[in-house]
Amino acid sequence: MFFVVTDSITCLRPALLFSLKPFFSNFGAIVTFALLGTFIASVVTGVLVYLGGLIYLTYRLPFVECLMFGALISATDPVTVLSIFQELGIDTNLYALVFGESVLNDAMAISLYRTMSSLKSHAPGQNFFMVIFRFLETFVGSLSAGVGVGFISALLFKYAGLDIDNLQNLECCLFVLFPYFSYMLAEGLGLTGIVSILFTGIVMKHYTYSNLSENSQRFVSAFFHLISSLAETFVFIYMGFDIAMEQHSWSHVGFIFFSIIFIGVARAANVFSCAYLVNLVRPAPRQIPVKHQKALWYSGLRGAMAFALALQSVHDLPEGHGQTIFTATTAIVVLTVLLIGGSTGTVLEALQVVGDDHDGPLSESLDGNNGYVAPSYNEDATSGNRLKMKLKEFHKSTASFTALDRNYLTPFFTSQNGDDEEEHDDPMPSSRGRGFLGHN
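Residues numbered from 1 in each chain as written. Predicted model: local features only at pLDDT ≥ 70, side-chain atom pairs only at ≥ 80, totals over all residues. Heavy atoms only, no water.

- As annotated in an unreviewed UniProt entry, the protein carries the name Sodium/hydrogen exchanger and comes from Populus euphratica.
- Quoted verbatim from the Sequence similarities (unreviewed entry) field of the UniProt record, the comment on the protein reads "Belongs to the monovalent cation:proton antiporter 1 (CPA1) transporter (TC 2.A.36) family."
- Of the protein, the UniProt comment under Subcellular location (unreviewed entry) reads exactly: "Membrane". (UniProt positions renumbered as here; feature names shortened; annotations may be inferred.)

Here is the structure:
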């Protein structure tokens with residue numbers, strides 16, 4: 001339980017400290033990568049592991065357990081890569097894509113894992129539609145709980161008048177406690193607390209944070225940065241002790257080796273297929289370039305969330321299967337953090353995405369109201385372009401959400417309008433002396 005709470009602190013830090021302006025500007029692409037992409041990666045990994053077992057290439061697992069492994073190993077690390085990106089001064093929109101995909105990807109991976117675990121624990125002939133319903137219940141329910149608590153906190157801090165000097169301690173305490181109220185509420189309802197706390201953090205950063213006094217804003221930013229760094233450190237110390245002291249099933253080295261290959265293939269299927277769909281609805285200057293797609297593919301480190309779910313699989317799966325998955329996941333996390341994490345800077349420089357000018361292709365179409373200009377399209381398109389039309393409708397709806405947020409949600413939940421929020425949105429500092437998210 002303590003490890004799960006620690007991991008939730010690690011996941012909460014990006015949501016509360018990252019400026020959400022680029023996040024909402026790229027919301028359609030982020031949702032595509034995080035939801036559809038994670039589903040693709042989970043299924044591809046699970047199927048490849050299962051097929052590898054059938055031809056005796058790897059350790060053989062039942063199909064549902066392969067899907068559980070695919071779900072848990074599809075959770076990418078939201079912290080390590082972002083720190084490297086910030087240090088190197090990567091393009092703001094590429095940073096936003098990696099941030100949004102990695103955070104929402106955790107939520108999707110947890111929901112998929114719990115759904116597959118539920119399917120495993122019930123009768124084999126369980127109705128397929130009940131499985132879908134269970135997944136939607138877990139994901140949408142957790143999301144709704146998190147967003148609801150975030151909106152309640154925004155209204156409380158807007159109207160309670162806590163921003164006076166003698167109540168600032170209470171203001172800070174309540175701000176810190178609200179995310180964990182969301183976590184406990186979701187767990188009490190049989191939902192997923194980590195998914196809930198992620199969305200609470202996003203909503204509180206976007207709405208509640210601006211209702212705090214300036215001193216409280218500085219304090220909570222420093223506080224969450226501190227405890228998340230401590231939690232991160234604890235996670236890797238825990239992993240180190242686990243490798244040295246816990247019993248592991250190292251007899252299936254082939255399973256670890258081929259799993260790494262399968263994960264790379266699944267990550268490629270995720271990134272390049274989703275990027276293709278996103279580029280269908282974006283005008284040429286706004287399309288995700290190939291070098292950014294390669295950076296997204298290489299940035300899929302596995303971290304604390306995959307480790308936590310693998311630890312849970314030891315209790316969920318009998319006959320030593322959970323222990324095999326846990327050993328493989330531990331090895332994959334360590335290898336990706338050491339090898340991929342250590343070489344990320346070099347690879348990004350080779351891809352020529354380091355120090356990208358914020359006036360580059362991905363930033364040109366930002367309009368003055370903090371939203372990408374929706375591309376125009378011909379209503380008389382032929383039937384062969386129906387998929388493209390549907391995707392453009394989705395893109396148009398995300399632009400409408402940005403306008404809804406700017407014109408109605410932000411004025412209702414905060415004491416400032418959408419334009420004021422843009423002007424006062426704190427930039428994230430970079431090592432180059434330039435506001436990393438300071439471009440308007």
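**A word on the packing of aromatic side chains**
Right, on to step 1. In total, this model carries 21 aromatic pairs according to the counting rule given.
Right, on to step 2. Where Phe151 meets Tyr207, the ring centres are 5.6 Å apart and the plane angle is 50°; that geometry is what we call tilted. With Phe151 in helix 7 (residues 128-159) and Tyr207 in helix 9 (residues 193-208), this pair connects stretches of sequence that are 56 residues apart.
Right, on to step 3. Judged by relative accessible area, which is 23%, Phe151 ranks as partly exposed.
Right, on to step 4. Aromatic pair Phe234 and Tyr238: ring centres 6.0 Å apart, planes at 45°, arrangement tilted. Placement of both Phe234 and Tyr238 in helix 10 (residues 214-245) is noted, with a separation of 4 residues, approximately one turn of the helix.
Right, on to step 5. Ring pairing ties together the aromatic residues Phe157, Phe175, Phe178, Tyr209, Phe219, Phe223 and Phe224, which thus form one cluster.
Right, on to step 6. One Lys or Arg, Lys205, reaches over the ring of Tyr209 and ends 4.5 Å from the middle of that ring. (Phe/Tyr/Trp six-rings, centres within 6.5 Å; stacked < 30°, edge-to-face > 60°. Helix = DSSP H or I, 4+ residues; strand = E, 2+ residues; numbered from the N terminus. Buried < 20%, exposed > 50% of the residue type's maximum accessible area, 1.4 Å probe, protein only. Lys NZ or Arg CZ within 6 Å of the ring centre and 35° of its normal.)

**Quick word on helix 8 (residues 168-188)**
Right, on to step 1. For helix 8, spanning 21 residues, the distance from its first C-alpha to its last is 30 Å, which sits close to the expected 30 Å at 1.5 Å a residue.
Right, on to step 2. The sharpest bend along helix 8 comes to roughly 30°, located at Phe178, with the proline Pro179 sitting one to four residues further on. (Expected span 1.5 Å × (residues − 1). Bend = angle between axes of the 7 residues up to and from the residue.)

**Focus on the confidence of the model for the protein**
Right, on to step 1. Looking at the protein as a whole, its pLDDT mean stands at 77, while 76% of the residues score no less than 70.
Right, on to step 2. Every residue in residues 357-381 is under pLDDT 50, and counting partners more than four places away or in other chains gives 62 contacts.
Right, on to step 3. In the predicted structure, residues 421-440 sits below a pLDDT of 50 and forms 53 contacts with residues beyond four places in sequence or in another chain. (pLDDT = per-residue confidence, 0-100. Contact = heavy atoms within 4.5 Å.)

**Side note on the pattern of salt bridges**
Right, on to step 1. As enumerated under the stated definition, the model contains 2 salt bridges in all.
Right, on to step 2. Glu101 is the partner of Arg267 in a salt bridge, and the nearest nitrogen-oxygen pair spans 2.8 Å. Pair noted here: Arg267 is in helix 11 (residues 253-281) and Glu101 is in helix 6 (residues 92-121), with a separation of 166 residues, a long-range link.
Right, on to step 3. For Arg267, a relative accessible area of 5% corresponds to the buried category.
Right, on to step 4. Note on Glu101: relative accessible area 3%, which makes it buried.
Right, on to step 5. One salt bridge in this structure joins Arg114 and Glu187, with 3.9 Å as the shortest N-O distance. In this pair, Arg114 is assigned in helix 6 and Glu187 in helix 8, connecting sequence segments 73 residues apart.
Right, on to step 6. Its relative accessible area of 32% is what places Arg114 among the partly exposed residues.
Right, on to step 7. Classification of Glu187 by relative accessible area gives partly exposed; the value is 32%. (Salt bridge = Lys/Arg side-chain N within 4 Å of Asp/Glu carboxyl O.)

**Focus: the packing of helix 6 against helix 12 (residues 290-298)**
Right, on to step 1. Axis separation between helix 6 and helix 12 bottoms out at 11 Å; the angle between their running directions is 35°. Crossing geometry of helix 6 relative to helix 12 is assigned as right-handed. Between helix 6 and helix 12, the residues in contact are Leu94, Leu97 and Val98 and His292, Ala295 and Leu296, respectively.
Right, on to step 2. Across the contact of helix 6 with helix 12, the residue classes break down as 5 nonpolar, 1 polar and no charged. (Axes fitted to C-alpha atoms, helices over the stretch in contact; angles between N-to-C directions. Left-handed = near helix turned anticlockwise from the far one by under 90°. Nonpolar A, V, L, I, M, F, W, Y, C, P; charged D, E, K, R; others polar.)

**Describing the UniProt feature "transmembrane region" (unreviewed entry) in the protein**
Right, on to step 1. The residues that UniProt annotates with the feature "transmembrane region" (unreviewed entry) are residues 27-51, 135-157, 177-199, 219-241, 253-275, 295-314 and 320-341.
Right, on to step 2. Taken as a whole, residues 135-157 contains 100% helix and 0% strand, while its terminal C-alpha atoms sit 33 Å from one another.
Right, on to step 3. Structurally, residues 219-241 is divided into 100% helix and 0% strand, and its ends, taken at the C-alpha atoms, are 33 Å apart.

**What about the environment of Leu94?**
Right, on to step 1. Tracing the sequence through the fold places Leu94 in helix 6.
Right, on to step 2. Judged by relative accessible area, Leu94 falls into the buried class, the value being 0%.
Right, on to step 3. Taking the C-alpha atoms as reference, Leu94 lies 8.6 Å from Ala295; in sequence the two are 201 residues apart.
Right, on to step 4. Sequence-distant contacts of Leu94, that is, excluding residues within four places in its chain, are made with Phe85, His292, Ala295 and Leu296.

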